[in-house]
Amino acid sequence: MHILRGGRRLISFSCNDYLNLTHHPAVKSAAIAAINLYGAGSGASRLVTGNHPLLVELEERLARIKGTQAACVFGSGYLANTGIVPTLTGAKDLILIDELAHACLFAGTQLSPAKTMVFRHNDVAHAEAILAASRAQYRHALLLTDGVFSMDGDRAPLATLSALCAAHDAWLMSDDAHGLGVIGGGRGSVAAAGDPPVPLQMGTLSKAIGGYGGYLCASAAVIDLMKTRARTVIYSTGLPPASAGAALAALEIIENEPELTAKPLAKARAFCAALGLPEAQSPIVPVIVGAPEAALDASRQLADTGFLVTAIRPPTVPAGTARLRFAFTAGHADEDVARVAQAVRDIVKL
Ligand SMILES: Cc1ncc(COP(=O)(O)O)c(C=O)c1O
């Protein structure tokens, strides 16, 4: 939560370590124990000799939390998305993707020969219009969305998208990188949406889980396909034991400490209430400033006040929407949330 920058100790509102598990004693001990037992690295692709028992345990646990038949762990969230999308789609298929979906979902579409069409952000009617006009010309259709959008903090309408996909015989895939551990009682964005059918639930172990790695939770048939076909599984070294061990310990905490998992969203909501912003839907709150220089300047001024809040600029976000991106964690003191809100009020014209 604290970061040393240029010799100064700043309170960070820019870290995705929502539950502060990167430094949790049980998580660190589990990583050390995994190294002691299985070594520092996995030594090879999982298909060769890199498939240590902790990965299997982790997959079982992720599948249980997400309520799917099975799961596949990848080296990272980026590797997951760039592996999953081209494994599921071919030249005769159609991909629909939300315009604000994460860069690595777009990277996945670039690795697929399928036709890709972009729908307006969270605009189910636009996605429906595309499916109504085009679905029949393609073999399979895959709709891609973030569950929680990483730069805006809003959530996808997963229940409506699920119904849309069912009506048009399309697969729905959600990226829950910023949902697991912090919404839906800790189970993520699908749970928060009331558990609608979402057959492909991807995520990362690098944010609320506090470590590193990616995953897909899905049916046993899809997971078998990933483990035998996804290039980022087959041709990449298995996740190191320490990361798997740490993730298992983190998930144990997430499943057993609902009051902890509720905190980041509560802090984000207190911040929004203090500034008169719309209620936060996740621990991520953007304060849109507009011009890139203005965002950089506001970030510098906040640093002078003792807060690290990174400016996010195009091309990461659309032109004209440069912003301060706040990420709230369980460990942020209520006084610091109030103080940073006051600083924003002083620095940014809202
Ligand atoms: C929505 C989303 N998906 C995927 C990723 C990539 O995950 P990883 O950092 O594990 O590669 C990120 C961020 O890093 C993200 O914000």
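Remember, it's a predicted structure, so these values are computed and weren't measured experimentally.

### A closer look at the sheet that holds strand β10 (residues 284–290)
Alright, step 1. Read across the open sheet, the three strands follow the order β10-β13-β12; overall the sheet is antiparallel. Strands at the two margins of the open sheet, each flanked by one partner only, are β10 and β12 (311–312).
Alright, step 2. Here two bridges tie β12 to strand β13 (residues 322–327), and the two strands are oriented antiparallel to one another. Residue pairing for β13: Ala-311 is matched across the bridge by Leu-324.

### Comments concerning the nonpolar core
Inside soluble globular proteins, nonpolar side chains tend to come together where they are buried.
Alright, step 1. Membership of the largest hydrophobic core comes to 62 residues, with the highest contact counts inside it found for Leu-58, Leu-62, Phe-271 and Phe-326.
Alright, step 2. Sort the elements by how many residues they give to this core and helix α10 (residues 241–256) lands first, with 10 residues.
Alright, step 3. Summarising the domain contributions, this core has at least three residues from each of domain 1 (2–22 + 258–348) and domain 2 (24–255).
Alright, step 4. Leaving out residues up to four positions away in the same chain, Phe-271 has contacts with Leu-277, Val-285, Val-287, Phe-326, Phe-328, Val-337, Val-340, Ala-341 and Val-344.

### A few points about the side chain of His-332
Alright, step 1. Structurally, His-332 is set in the loop between β13 and α13 (334–347).
Alright, step 2. A polar side-chain atom of His-332 sits 2.8 Å from the main-chain carbonyl oxygen of Ser-12.
Alright, step 3. Leaving out residues up to four positions away in the same chain, His-332 has contacts with Met-1, Ile-11, Ser-12, Phe-13, Lys-267, Ala-327 and Val-337.

### Regarding the domain arrangement of the chain
Alright, step 1. You can read the domains of the chain as domain 1 (2–22 + 258–348) and domain 2 (24–255).
Alright, step 2. Between domain 1 and domain 2, the C-alpha centre-to-centre distance is 26 Å.
Alright, step 3. Each partner contributes residues to the interface: domain 1 has 23 residues there, and domain 2 has 25 residues.
Alright, step 4. In this assembly, domain 1 packs against domain 2 so that about 1900 Å² is buried in total across both faces, 60% of it on carbon and sulfur atoms.

Quick notes on the rules
Residues numbered from 1 in each chain as written. Predicted model: local features only at pLDDT ≥ 70, side-chain atom pairs only at ≥ 80, totals over all residues. Heavy atoms only, no water. Pairing = 2+ DSSP bridges. Helix = DSSP H or I, 4+ residues; strand = E, 2+ residues; numbered from the N terminus. Core = buried A, V, L, I, M, F, W, Y, C linked by side-chain atoms within 4.5 Å. Buried < 20%, exposed > 50% of the residue type's maximum accessible area, 1.4 Å probe, protein only. Domains from an automatic or database assignment. Contact = heavy atoms within 4.5 Å. Polar contact = N/O pair within 3.5 Å; in protein donor to acceptor, adjacent residues only side chain to side chain. Buried area = accessible area lost by both parts, 1.4 Å probe.

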